[in-house]
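The lines below spell out each chain.
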Amino acid sequence: MRVLVAVKRVIDYNVKVRVKLDGSGVDLANVKMSLNPFDEIAIEEAVRLKEQGIASEVVVVSVGPAKASESLRAALAMGADRAILVQSDEVIEPLAVAKILVGIAGEEQPGLIILGKQAIDDDCNQTGQMLAALLGRPQGTFASRIALDGDHVTVTREVDGGLETVRLAMPAVVTTDLRLNEPRYASLPNIMKAKAKPLATKTPADYGVDMSPRLKVVHVAEPVARQAGIKVADVDALIGKLKELGVA
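Just so it is clear, the structure is predicted and the values come from calculations on it, not from any experiment.

Scoring rules and cut-offs
- Residues numbered from 1 in each chain as written.
- Predicted model: local features only at pLDDT ≥ 70, side-chain atom pairs only at ≥ 80, totals over all residues.
- Heavy atoms only, no water.
- 1 Å grid on protein atoms, 1.4 Å probe; cavity = no way out; pocket = protein on both sides within 12 Å on 5 of 7 lines; lining within 4 Å.
- Points joined across faces, edges and corners; volume = space filled by probe spheres on them.
- Helix = DSSP H or I, 4+ residues; strand = E, 2+ residues; numbered from the N terminus.
- Nonpolar A, V, L, I, M, F, W, Y, C, P; charged D, E, K, R; others polar.
- Patch = residues over 30% accessible without salt bridge, like charges linked within 9 Å, V, L, I, M, F, W, Y side chains within 5 Å.
- Areas by Shrake-Rupley, 256 points an atom, 1.4 Å probe, with all protein chains shown as cover.
- Salt bridge = Lys/Arg side-chain N within 4 Å of Asp/Glu carboxyl O.
- Buried < 20%, exposed > 50% of the residue type's maximum accessible area, 1.4 Å probe, protein only.
- Core = buried A, V, L, I, M, F, W, Y, C linked by side-chain atoms within 4.5 Å.
- Contact = heavy atoms within 4.5 Å.

With respect to empty space enclosed by the protein
Counted according to the given criterion, the structure contains 2 cavities of 30 Å³ or more. Of the voids in this model, the largest cavity is the one considered here, and its volume is about 350 Å³. For the largest cavity, the lining is made up of 27 residues, of which Lys8, Asp39, Val97, Ala119 and Thr127 are closest to its centre. Every element with two or more residues in the lining of the largest cavity is listed here: strand E1 (2-7), strand E4 (57-64), helix H3 (94-108), strand E6 (112-116) and helix H4 (127-135). Its residues assigned to classes, the lining of the largest cavity shows 11 nonpolar, 10 polar and 6 charged. For the second largest cavity, the calculated volume is near 40 Å³. As for the second largest cavity, its lining consists of Val91, Ile92, Glu93, Leu95, Ala96, Asp210, Met211, Ser212, Pro213 and Arg214. For the lining of the second largest cavity, the residue count by class is 6 nonpolar, 1 polar and 3 charged.

Set out below in structure tokens:
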């Protein structure tokens, strides 16, 4: 069984995001980029399936600029077998990514497609669901546990009320949550080996996908600075202040 994993290049989670002065977007100049953390979890799960002898090949794919190849090399260093970069410098929206993944799934015929549940830059949490809908495949989102049994996969989902377990007929689409696993660190020998692994470059046109944006960013602003608190003398003063503010 082949496993297809979609990954995204995002601003590193340790970097403080800066907004452009004109409010048109986020400033990416000279900013450290890395693999989306949820996608690292997806890669780890796919590699574990291969190590267990369940998966025969792990293919990673990313849609983005040429520098996204660095993220794909990181995925290859974690244990993926080969990579596909769909190169585009356009604004990339979830629906366009999902359509491209439909084309790649048609070529690769994976038994399982794994994605991070969301990217930490836009927090859209849409691509996996859109992909499953376009493919007409069952989906298990927010997975905290994945177990394969023949031609079915059992997914334990993290939902607002607790945990939900679903059994899906494969091929299926799964999106990963934080508690699914702990991604491994790529060793230096594996980083060196990753440089020799195949990385194919495609374009959205190869899959007949129009990347024209359907959404328009009106304005981007940093969160309002938190105001300083106040001290009260006693409980009566606290209750009085709460009443004054209309919250009690």
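Text resumes after the structure shown.
Examining a nonpolar patch on the surface
Taken together, the side chains of Ile230, Val232, Leu238, Leu242, Leu245 and Val247 define a hydrophobic patch exposed on the protein surface, amounting to about 550 Å² of accessible area. Under the relative-accessibility criterion, Leu238 is labelled partly exposed at 40%.

Remarks on the nonpolar core
Core analysis: the biggest nonpolar cluster contains 34 residues, and Val3, Val5, Ile43, Val60, Leu112, Ile114 and Val153 have the highest contact counts within it. Those residues in contact with Val5 that lie beyond four places of it in its chain are Ala42, Ile43, Ala46, Val58, Val59, Val60, Val61 and Ile114. By size, the runner-up hydrophobic cluster in this structure holds 22 residues, among which are Val61, Ala96, Val97 and Ala105.

Digging into unusual backbone geometry
For the bond from Met170 to Pro171, the omega torsion is 5 degrees, close enough to zero to count as cis. Mapping Pro171 onto the fold places it in the loop between strand E9 (162-169) and strand E10 (172-176). Look at Gln109: it is not a glycine, yet its phi comes out positive at around 50 degrees. Using a relative accessible area of 55% as the deciding quantity, one classes Gln109 as exposed. Positive phi, normally seen in glycine, also occurs at Asp123, with a value near 55 degrees. In this fold, Asp123 is placed in the loop between E6 and H4.

A short note on the environment of Pro171
Classification of Pro171 by relative accessible area gives partly exposed; the value is 33%. Remark: the alpha-carbon pair of Pro171 and Val31, spanning 140 residues in sequence, is separated by 38 Å. Those residues in contact with Pro171 that sit more than four places away from it in its chain are Pro110, Gly111, Arg137 and Pro138.

What to know about the layout of surface pockets
Estimated volume of the largest pocket: approximately 1300 Å³. Considering the residues around the largest pocket, the lining is formed by 37 residues, among which Lys8, Leu28, Val91, Ile92 and Asp121 are closest to the centre. If you list the elements that add at least two residues to the lining of the largest pocket, you get strand E2 (9-11) and E4. Roughly 640 Å³ of volume is contained in the second largest pocket. Every residue lining the second largest pocket is counted, 25 residues in all, and those nearest its centre are Tyr13, Leu35, Glu40, Arg184 and Tyr185. Among the elements of the structure, strand E3 (33-35), helix H1 (37-51) and helix H2 (68-78) are those that each provide at least two residues to the lining of the second largest pocket. Broken down by element, the residue count for the lining of the second largest pocket peaks at 5 residues, all from H2. Classifying every residue of the lining of the second largest pocket by side-chain character gives 14 nonpolar, 4 polar and 7 charged.

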